[in-house]
Amino acid sequence: MPDGLKGPSSSELLSQAQNKLIEHLQASEKRYQDLVGHLRDVVFHLNLELKWTFLNQAWHGMSGYCIADSLGCDFADNFSPEDTLRCTKGFDDLLTKQIMEMSEEITFITADGEQRIFELSCRAVKDETGQFAGFAGILSDITERITAENKITFMAYHDALTGIANRRLLTEHLAKELTKPSQSLSSLLYIDLDNFKQVNDHFGHTIGDLLLCEVSDTLSEYIHDEEDLVARMGGDEFIIYFSDLGTNQTQATEKLAMVTEELRSQLSTPFPLGKLQIRVTSSIGVVILDRATMSHNDIFKYADAALYHSKNTGKNQVRFYDDELEQTERRRQQLEEELSQAIKNEEFLLYYQPQVDSSGTNILQAEVLLRWQHPKHGIVNPDEFVPHLEEYGLIIPVGKWVLKESCRQLRVWQLAGRSQLCLSINVSANQFSHPDFIPFVEQCLIEHQVLGKYIELELTESVAIHDIPSTIKKMNKLQELGIRIALDDFGTGYSSLSYLKHLPINTLKIDQSFVQGLPHDGYDAAIVETTMVMAHHLGLTVVAEGVENTIQLGFLKKQECHLYQGYLFSQPLNVNKFSKLILVD
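As the structure is a computational prediction, the values presented were derived from the model and not from experiment. Every chain is numbered independently, its residues counted from 1 as its sequence is written. Side-chain atom pairs in this predicted model are given and counted only at pLDDT of 80 or more, local residue features only at pLDDT of at least 70, and totals for whole chains, interfaces and linings cover all residues. Hydrogens and waters are ignored; side-chain quantities use all the structure's heavy atoms.

### Things to note about the overall build of the protein
To keep things clear, this is the line we draw: Helical segments are the DSSP runs of H or I of at least four residues, strand segments are the runs of E of at least two, and each set is numbered from the N terminus. The globule rule used for comparison is 2.2 Å times the number of residues to the exponent 0.38, while the radius of gyration itself is calculated over C-alpha atoms. Whether a residue is buried, partly exposed or exposed follows from its accessible area with a 1.4 Å probe, protein chains only, as a fraction of its type maximum: under 20%, in between, or over 50%, in that order. Any two residues whose heavy atoms approach within 4.5 Å are treated as being in contact. Surface accessibility follows the Shrake-Rupley procedure with a 1.4 Å probe radius. Residue values consider only the protein chains on display as shielding. When charges are tallied, Lys and Arg are placed among the positive residues and Asp and Glu among the negative ones, while His and the ends of the chain are skipped. Note that the charge is assigned to NZ on lysines, CZ on arginines, CG on aspartates and CD on glutamates.
Helix and strand counts for the protein stand at 22 helices and 21 strands. Taken over C-alpha atoms, the radius of gyration comes to 41 Å for the protein, far larger than the 25 Å a tight globule of 585 residues would show. The principal-axis extent of the C-alpha atoms belonging to the protein is close to 150 × 75 × 55 Å. Counting only residues that meet the buried cut, the protein has 43% of its 585 residues in that class. Relative to all contacts within the protein whose residues are 6 or more apart in sequence, the contacts with residues 24 or more apart total 61%. Per element, the accessible surface of the protein, about 31,200 Å² overall, is 52% carbon and sulfur. The averaged location of the 83 negative side-chain charges in the protein is 6 Å from the averaged location of its 51 positive side-chain charges.

Now the structure itself:
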């Protein structure tokens, strides 16, 4: 080749290749620096002595420390001792290949003294000879995420209104406590505020909520052990769990008696809420836990039973779950089961007690009375089981059956010739307030081809005035169906001329407690006379209950009472006997 056309020498080619390699390396390093430099997270390198050898720009923003000052410093200078030990072990595990990657949450103290939560993730790195040279990883600030997670967790386990534990936390806490191998006795207090609904009704829900918060604060004052817990079950019901009452049953019971009485007394002290002084009382059920034999469900069942008896024997008192209460609870559970079976087995019967005019022989209508044909005890009167039907939530299906069967039987009698007979049917509070009560009544009338005017529904005073606007609306709808409304046991409840004026009722039933003393008891006589005068002026029909002798009958006739009911005329009769009575040729 001619000299003028010679190419680059080998040394020149080598130099050019080196320059290109350097350019590529510089470009690669620049891309790396640009990438790492703009990351929000800290990228770091540590040597084997666990000192910082590289930190990107995010370090200053996250930690507040200068990068130059931090390089060469020990990684744990701003870690807690616990985090330092945990991370040091993790680094050792990386070098011994027990783990391939370490990830830890650490508490970091920034330059201005703020505690932040960092997530440290790293791997061990090797040099060009294949030997471990240190560690490379990332630090991420997860403080906000952890704060949000903690808030969500707190909300999941605490009551939104009061901030104390909720049912979920209590359940999980008890589950852990029951599995502990402890000899100490523990106890659960079930607390219910008496008549709290009246606070909401009279002062509004804002005051009611403030009261619940005050009660929560009061209950929290009784928590002295980290394993103790106060929780809100919902509404106005609270739980206190005491984890350690010692090992002596007698001493534990005495201590609980003192604490619960002090608590009951404190809760009955008026709470100052703004300009108001709100006073409530509380009923408290107490159960001492037997870890060996009691399940979680048992504990709440026993505590609820103790609370139930506290409320149903006068309220504002403390009741312990003991052997006597256990026997009572067993009988209660047995009765609930028997009543449930009674519904399934159709053991309920209807009896009928005539209501007659002043002649005493003309039966115009009859009150429908419920009886229970118990398989062992025979006929059971309603006073012995109807309150329990209410308590166990069984009154709705039974009440529907009574209404439906009454309409069916009335139609039978009407077709047999008693076309003008009217039946008076008792309606419970739960029945009357049920959303489908009116549609069900209408359905019964249509199904059995009974006109509404031959049905009278009896309500007690307490039911009628519970929610007067709603009551009036329902009564008007019933009267649109032709149904008459009777106010039962008049004079025994909240008798008021104002609600008599506004409620669309047709009949007053004078309670037998006022009839029994006639005519010699001046108090009873005055009440009956006043009721009769008032009823006549209001255009209401009056039925006197419990008429047992001719002297009572004579007095009531003088007052021009409209209808009479009682043993003087007939006791309640089953369907066959009542049919014979009214279908006599």
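### Focus: the packing of aromatic side chains
Inclusion rule: The rule is short: rings of Phe, Tyr and Trp, with Trp giving its six-membered ring, pair when the centres are within 6.5 Å, and they are stacked under 30 degrees, edge-to-face over 60, tilted in between. Sitting over a ring, as applied to charges here, requires NZ of Lys or CZ of Arg to be within 6 Å of the ring centre and within 35 degrees of the ring normal.
A full pass over the atoms with the stated rule returns 17 aromatic pairs. Here Phe348 and Trp372 contribute two aromatic rings whose centre-to-centre distance is 6.2 Å and whose plane-to-plane angle is 40°, an arrangement assigned as tilted. With Phe348 in strand S13 (residues 348–356) and Trp372 in strand S14 (residues 363–374), the pair connects residues that are 24 residues apart, well separated along the chain. On the accessibility criterion, Phe348 (7% relative accessible area) is buried. The exposure class of Trp372 is buried, given its relative accessible area of 2%. Between Tyr564 and Phe569, the aromatic rings sit 6.4 Å apart at their centres with planes inclined by 50°, giving tilted as the arrangement. The residue whose ring lies beneath Arg168 is Tyr157, and the NZ or CZ to ring-centre distance is 4.5 Å.

### Structural notes on the layout of surface pockets
Filter applied, for reference: The definitions used throughout rest on a 1 Å grid laid over the protein atoms alone, on which a cavity is an enclosed set of points accommodating a 1.4 Å probe that cannot get out and a pocket is an open set flanked by protein within 12 Å on both sides along at least five of seven lines; lining residues are those having an atom within 4 Å of a point. Grid points are joined across faces, edges and corners, and a volume is the space filled by probe spheres set on the points.
Quantified by volume, the largest pocket comes out at close to 1,100 Å³. What lines the largest pocket is a set of 38 residues, and nearest its centre among them are Glu367, Leu369, Pro382, Asp383 and Asn426. Every element with two or more residues in the lining of the largest pocket is listed here: S14, helix H12 (386–391), helix H13 (395–415), strand S16 (422–426), strand S17 (455–460) and strand S18 (484–490).

### Topic: the sheet that holds strand S3 (residues 102–109)
Quick reminder of the rule: Note on pairing: DSSP must find at least two bridges between two strands before they are called paired. The angle between two axes is taken between their N-to-C directions and runs from 0 to 180 degrees, where each axis is a line fitted to C-alpha atoms and a helix contributes only its stretch in contact.
Taken in spatial order, the five strands make up an open sheet running S2-S1-S5-S4-S3, and their pairing is antiparallel. Unpaired on one side and paired on the other, strand S2 (52–55) and S3 mark the two borders of the sheet. Taken over all neighbouring pairs, the strand axes of this sheet differ in orientation by 30° on average, direction set aside. Bridge analysis of S3 against strand S4 (residues 115–126) gives eight bridges, and the strand direction is antiparallel. Within the sheet, the bridge partner assigned to Glu104 lies in S4 and is Leu120. Of the strands in this sheet, strand S1 (42–47), S3, S4 and strand S5 (132–141) touch helix H4 (residues 81–95), which is tilted by about 150° from S3. The sheet strands contacting helix H5 (residues 143–157) are S3, S4 and S5, and the helix crosses S4 at an angle near 125°.

### Describing the pattern of salt bridges
Definition in use: The working definition used for a salt bridge is a side-chain nitrogen of Lys or Arg within 4 Å of a carboxyl oxygen of Asp or Glu.
Within this structure, the stated rule accounts for 25 salt bridges. For Lys311, the salt bridge is made with Asp192, and the minimal N-O distance between the two is 2.6 Å. Of the two residues, Lys311 sits in helix H10 (residues 296–312) while Asp192 sits in strand S6 (residues 186–194), which places them 119 residues apart along the sequence. Take Lys311: its relative accessible area is 23%, and that puts it in the partly exposed class. With a shortest N-O distance of 2.8 Å, Asp201 and Lys197 are connected by a salt bridge. Note that Asp201 and Lys197 are positioned in helix H7 (residues 196–203) at a spacing of four residues, about one turn of the helix. In this structure, a network of salt bridges that share partners links the residues Glu114, Arg116, Asp141 and Glu144.

### Describing unusual backbone geometry
Looking along the chain, the bond that leaves Leu518 and enters Pro519 is cis, with omega of -5°. Turning to its location among the elements, Pro519 is positioned in the loop between helix H19 (512–515) and helix H20 (522–538).

### Here's the deal with the environment of Gly208
Position of Gly208 relative to the elements: it lies in helix H8 (residues 205–220). Sequence separation of Gly208 and Phe91 is 117 residues, and the distance between their C-alpha atoms is 56 Å. In contact with Gly208, other than residues within four places in its own chain, are Phe196, Val199 and Asn200.

### A word on the sheet that holds strand S7 (residues 229–234)
With respect to topology, five strands assemble into an open sheet ordered S7-S8-S6-S11-S12, the strand pairing being mixed. Each edge of the open sheet carries a strand with a single partner, namely S7 and strand S12 (318–320). Strand-to-strand twist across the sheet, computed as the mean angle between neighbouring axes with direction ignored, equals 20°. In this structure, strand S11 (residues 281–289) lies alongside S12, joined through three bridges in parallel fashion. Of the residues in S12, the one forming a bridge with Ile284 is Val318.

### What about the packing of H7 against H8?
Test applied: Each angle is binned into one of four classes, with values under 35 degrees roughly parallel, values over 145 roughly antiparallel, values of 65 to 115 roughly perpendicular, and all other values oblique. Residues are sorted three ways: Asp, Glu, Lys and Arg are charged, Ala, Val, Leu, Ile, Met, Phe, Trp, Tyr, Cys and Pro are nonpolar, and all the rest, Gly among them, are polar.
With their axes 7 Å apart at the nearest point, H7 and H8 run at an angle of 140° to one another. Relative to H8, the element H7 lies oblique. The segment H7 lies against H8, with Phe196, Val199, Asn200 and Phe203 engaging His205, Ile207, Gly208, Leu211 and Leu212. Each residue belonging to the contact of H7 with H8 can be placed in one class, and the counts come to six nonpolar, three polar and no charged.

### Observations concerning helix H6 (residues 167–178)
Defined as follows: Here, expected helix span is obtained from the residue count minus one, scaled by 1.5 Å. Of all possible arcs, the one meant is that of the directions from the helix axis to the C-beta atoms. Distance and chemistry together define a polar contact, namely a pair of N or O atoms within 3.5 Å, with one atom able to donate a hydrogen and the other to accept it when in protein, and with adjacent residues in sequence counting only for side-chain atoms on both sides.
Taking 1.5 Å as the rise per residue, H6 with twelve residues should run 16 Å; its terminal C-alpha atoms sit 16 Å apart, in good agreement. Listed as buried for H6 are Leu170, His173, Leu174, Glu177 and Leu178. Buried residues of H6, seen end-on, are gathered within an arc of 130° and therefore sit on one face of the element. If you follow the buried residues of H6, they end up packed against S6, S7, strand S8 (237–242), S11 and H10. For H6, the N-terminal capping position is held by Asn166, with its side-chain oxygen 3.2 Å away from the main-chain nitrogen of Arg168.

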